[in-house]
Amino acid sequence: MLTDFPFAIEEIPTLSVEQMREVDRIMIEDLGIPLIQMMEHAGRALADVARRRLGGSVVGKHIIVLVGAGHNGGGGLVAARHLHNWGAEVHVLFATAFKRLKEETQRQYRILEAIGVPLWHFDDISTPIDKPTPQWGRAALVLDALLGYNLHGDPRGFYADLIRLANASRTPIISLDVPSGLDANDGTIYSPCIEADATVTLALPKRGLRESPFVVGDLYLADIGIAPEVYKRMGLDVPPLFQHQPIVRVRYPT
Ligand SMILES: NC(=O)C1=CN([C@@H]2O[C@H](COP(=O)(O)OP(=O)(O)OC[C@H]3O[C@@H](n4cnc5c(N)ncnc54)[C@H](O)[C@@H]3O)[C@@H](O)[C@H]2O)[C@@H](O)CC1
Ligand SMILES: [K+]
């Protein structure tokens, strides 16, 4: 199912970051759908694609989840929880301190802490940053939930360190929404940028994804429950993308 190519990217409206923010605003403020609900769908979709790309089961598989301060990070923490529940050995690496996390992301952090999923702040790990930490050698998969559509400029500090570590590890990477380091609006590839094997983007593709298939990898589109009325209100004509399944593959022009 997930391997179908029901839609070519040019058949689907691609959104600017500003339009995506407007989708969020209408959903939350006008329709009363809380962010945490969309975040749950986002993270669950990321976990589903991870399981599928690992052959259908994650039992005993070592998965590293890279998490930033924003809602992209929150989605990564949701995915970490579902993969843990499905039997994976999940390690979460944060690029920043708990107090810097956005409120909804802190909530997800506390849930994982209560469950007992290993949570590492990047500078807890004394390993020199230029050598992959031991887990990287064992990892079957890395999930990139460091930066989403609110990236501004070159990734800084531990974000940059984790991006370099992930790329250097040669472990397959699945990015949430956009590969961290790629500008969701104009496709600028900042330095460093995650080189994803796959990207699970949310609701509709962001414009920047069209320009750079080589860092995006295989592109999946995940249903996070956006009502068609939201797009109508924005003057967007969106086909019924998720009529058969909650996640669809999107193909780039050959
Ligand atoms: N409708 C949607 O599209 C939804 C989107 N969600 C997620 O929310 C994300 C956007 O969330 P946010 O607005 O919190 O932003 P992000 O999660 O994209 O990250 C912003 C954070 O990263 C930091 N940052 C930005 N540029 C940086 C740089 N160059 N170096 C280091 N740190 C940097 C900022 O300080 C900020 O804390 C989307 O990408 C998506 O993953 C979902 O949670 C909910 C619904
Ligand atoms: K990301």
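Everything quoted here is computed from the prediction, not taken from an experiment.

## With respect to the sheet that holds strand 4 (residues 119-121)
Across a sheet, paired strands are connected by hydrogen bonds in the backbone, their directions being either parallel or antiparallel.
Phase 1 of the analysis: The 9 strands are arranged 1-9-8-7-6-5-2-3-4 in an open sheet whose pairing can be described as mixed. Of all strands in the sheet, those bounded by a partner on one side alone are strand 1 (7-8) and strand 4.
Phase 2 of the analysis: The pairing of strand 6 (residues 173-176) with strand 7 (residues 198-202) spans 3 bridges and is parallel. Within strand 7, the residue paired with leucine 176 across the bridge is valine 200.

## What to know about the layout of surface pockets
Phase 1 of the analysis: In this structure, the largest pocket occupies an estimated 910 Å³ of space.
Phase 2 of the analysis: Lining the largest pocket are 33 residues; nearest its centre among them are Gly70, His71, Asn72, Gly148 and Asn150.
Phase 3 of the analysis: Breaking the lining of the largest pocket down by element, the ones donating at least two residues are helix 1 (17-30), helix 2 (35-53) and helix 3 (71-85).
Phase 4 of the analysis: Counting residues per element, the lining of the largest pocket draws most heavily on helix 2, at 4 residues.

## Observations concerning the UniProt feature "binding site: K(+)" (unreviewed entry) in the protein
Phase 1 of the analysis: As recorded in UniProt, the feature "binding site: K(+)" (unreviewed entry) lies at Asn72, Asp144 and Ser180. Taken along the chain, the residues just named run across 109 residues; in space they keep tight, none of their C-alpha pairs more than 9.7 Å apart. Lining the largest pocket, out of the annotated residues just given, are Asn72.
Phase 2 of the analysis: Looking at the element boundaries, asparagine 72 is found in helix 3.
Phase 3 of the analysis: Among the residues examined, asparagine 72 registers a relative accessible area of 11% and is labelled buried.
Phase 4 of the analysis: Discounting residues that sit within four places of it in the chain, asparagine 72 has contacts with Asp144, Ala145, Leu146, Leu147, Gly148, Leu176 and Asp177.
Phase 5 of the analysis: As for its position among the elements, aspartate 144 is in strand 5 (residues 141-145).
Phase 6 of the analysis: For aspartate 144, the residues in contact, after removing those within four places along its chain, are Leu66, Asn72, Ile173, Ile174, Ser175, Leu176, Val178, Pro179, Ser180 and Ile194.

## Things to note about the coordination of the potassium ion (ligand 2)
Phase 1 of the analysis: Ligation of the potassium ion (ligand 2) by protein atoms is provided by Asn72 (OD1), Asp144 (O), Leu147 (O), Leu176 (O), Val178 (O) and Ser180 (OG), these donors lying 2.7 to 3.1 Å from the ion.
Phase 2 of the analysis: Classification of the site at the potassium ion (ligand 2) as irregular follows from its 6 donor atoms and the range of 68 to 169° in their angles at the metal.
Phase 3 of the analysis: All donors of the potassium ion (ligand 2) come from a single chain, and their spacing in sequence reads N-x71-D-x2-L-x28-L-x1-V-x1-S. Taken together, the residues span a long stretch of sequence, with leucine 147 in the loop between strand 5 and helix 6 (157-169) and serine 180 in the loop between strand 6 and strand 7 at a distance of 33 residues.
Phase 4 of the analysis: In this structure leucine 147 comes out as buried when scored by relative accessible area, which is 15%.

Rules behind the numbers
Residues numbered from 1 in each chain as written. Chains lettered and ligands numbered in written order. Predicted model: local features only at pLDDT ≥ 70, side-chain atom pairs only at ≥ 80, totals over all residues. Heavy atoms only, no water. Pairing = 2+ DSSP bridges. Helix = DSSP H or I, 4+ residues; strand = E, 2+ residues; numbered from the N terminus. 1 Å grid on protein atoms, 1.4 Å probe; cavity = no way out; pocket = protein on both sides within 12 Å on 5 of 7 lines; lining within 4 Å. Points joined across faces, edges and corners; volume = space filled by probe spheres on them. UniProt positions renumbered as here; feature names shortened; annotations may be inferred. Buried < 20%, exposed > 50% of the residue type's maximum accessible area, 1.4 Å probe, protein only. Contact = heavy atoms within 4.5 Å. Donors = N, O, S within 2.8 Å, 3.2 Å for Na, K, Ca; no water. Tetrahedral: all angles 85-135°; square planar, octahedral: opposite > 155°, others 65-115°.

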